[in-house]
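Spelled out from the first residue to the last, the chains are:
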Amino acid sequence: MPSIRTKCFQEIDYTDSAAFHFPCGLPGFEHERAFVFLNRPDSHPLLFMQSILTPELCFILLPVFVVAPQYQLVLDEDALADLQLPPTDQPKIGADILCAAIVCAKGNQEPPTVNLLAPVIVNLRDRIGMQVIQTQSGYSHRHPLVAQQELASCS
Amino acid sequence: MLVMRRRAGESFLVGDDIEIQVLQVSGTRVKLGINAPPSAVIVRREIQITQNENQTAARSVSPHAIESLLNRLPALAAPPADSAGRQDFDESHNPRLS
């Protein structure tokens with residue numbers, strides 16, 4: 001069983017069937033074509049998207065519904081085709097696809113932000129992923145991640 | 001910002017060797033044609049934003065960042081009591097943690 005070194009955790013074993021393929025990589029990381037996703041009970045609900053090629057490359061993700069329960073995803077026909085999803089229906093988040101936003105941790109003073117403009121979408125059945133930019137959505141690439149009690153204290 | 005009005009079929013130049021032509025206008029969409037030397041890097045604005053944001057996000061990851069993220073967000077960190085409508089990632093998709 002192959003193993004990879006990871007940025008945040010110890011070495012992990014994985015099977016080839018656990019890998020997710022990103023045919024175009026990610027913007028800024030075009031040569032990174034394979035990732036594994038890690039979720040750990042002690043860091044719920046964070047997901048870790050670890051590069052298989054580059055041990056130092058790991059993204060922190062949050063499922064979009066954790067950040068924005070009303071998140072509206074629109075995949076155009078090109079994106080559906082790239083993800084090998086049927087062209088007729090929008091896929092169901094959580095059942096057909098994973099839809100998660102990349103988290104950018106900031107310094108101690110600034111709230112972390114999540115990129116709702118360009119969520120990572122993964123076809124769970126065929127294990128194909130890509131980052132799909134929601135150009136028309138109005139979502140921010142730096143949506144502040146504010147805890148609910150902080151929101152409450154502001155109102 | 002320079003603002004100019006162009007109709008379909010008209011073009012303008014950026015510098016001496018980059019020509020941008022409006023090919024088609026339909027509704028809110030504009031189709032542009034770009035003639036530029038190979039050395040000119042042409043990238044959609046939103047792709048560039050995403051490239052930069054991905055690189056910043058990747059650099060920001062550290063055990064300390066994860067810890068402060070979880071400390072900062074106890075409301076998010078607690079597993080929701082109700083799974084209805086909740087997106088989750090099935091354990092079976094994951095590699096075994098050694």
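Quantities reported herein were computed from a predicted structural model and do not represent experimental measurements.

A. Inspection of the overall build of chain B at higher detail. Counting secondary structure elements, chain B contains three helices and three strands. Ordered by position from the N terminus, the helices and strands of chain B form the series β-β-β-α-α-α. Residue burial in chain B is summarised as follows: out of 98 residues, 11% are buried.

B. Structural detail: the environment of Glu53(B). Relative to the elements of secondary structure, Glu53(B) occurs in helix 1 (residues 45–60). Filtering out sequence-adjacent residues up to four positions away, Glu53(B) remains in contact with Cys104(A), Asn115(A) and His141(A).

C. The sheet that holds strand 1 (residues 11–14) of chain B, seen in detail. Residue and element names in this part refer to chain B. With respect to topology, three strands assemble into an open sheet ordered 1-2-3, the strand pairing being antiparallel. For this open sheet the edge positions go to strand 1 and strand 3 (29–35), each flanked by a neighbour on one side alone. Here the average twist between neighbouring strands, direction ignored, is 30°. The pairing of strand 1 with strand 2 (residues 18–26) spans four bridges and is classified as antiparallel. In the strand pairing of strand 2, Ser11 is matched with Gln21.

D. Geometry of unusual backbone geometry. Residues and elements named next belong to chain A. With omega at 5°, the peptide bond leading from His44 into Pro45 counts as cis. Its place among the elements puts Pro45 in the loop between strand 4 (34–38) and strand 5 (47–51). For Gln84, which is not glycine, the phi torsion reads 55° and is therefore positive. Looking at where Gln84 falls in the secondary structure, it is placed in the loop between helix 2 (77–82) and strand 7 (97–104). We note that Arg127 has phi near 60°; this positive angle belongs to a residue other than glycine. Within the secondary structure, Arg127 is located in the loop between strand 9 (120–123) and strand 10 (128–131). The class for Arg127 is partly exposed, based on 16 C-beta atoms found within 10 Å.

E. Just the nonpolar core, in detail. Formed by 54 residues in total, the largest nonpolar core has its most connected members in Leu61(A), Ala101(A) and Val103(A). Of all the secondary structure elements, the ones that give two or more residues to this core are strand 4, strand 5, strand 6 (58–63), helix 1 (64–67), strand 7 and strand 9 of chain A together with helix 1 and helix 2 (63–72) of chain B. Ala101(A) has contacts with Leu61(A), Leu62(A), Val64(A), Val67(A), Val114(A), Asn115(A), Leu116(A) and Pro119(A), leaving out every residue within four places of it along the chain.

F. Seen up close, the domain arrangement of chain B. Domain boundaries assigned for chain B yield domain 1 (8–38) and domain 2 (43–74). Its C-alpha centre places domain 1 of chain B at a distance of 34 Å from the equivalent point of domain 2 of chain B.

G. Spatial organisation of the confidence of the model for chain B. Model confidence for chain B is summarised by a mean pLDDT of 81, while 74% of its residues fall at 70 or above. Taken together, the stretch residues 80–92 of chain B has pLDDT below 50 and engages in 13 contacts with residues farther than four places along the chain or on a different chain.

Conventions adopted
Residues numbered from 1 in each chain as written. Chains lettered and ligands numbered in written order. Predicted model: local features only at pLDDT ≥ 70, side-chain atom pairs only at ≥ 80, totals over all residues. Helix = DSSP H or I, 4+ residues; strand = E, 2+ residues; numbered from the N terminus. Buried ≥ 20, exposed ≤ 12 C-beta atoms within 10 Å, placed from the backbone. Contact = placed C-beta atoms within 7 Å. Pairing = 2+ DSSP bridges. Axes fitted to C-alpha atoms, helices over the stretch in contact; angles between N-to-C directions. Core = buried A, V, L, I, M, F, W, Y, C linked by C-beta atoms within 7 Å. Domains from an automatic or database assignment. pLDDT = per-residue confidence, 0-100.

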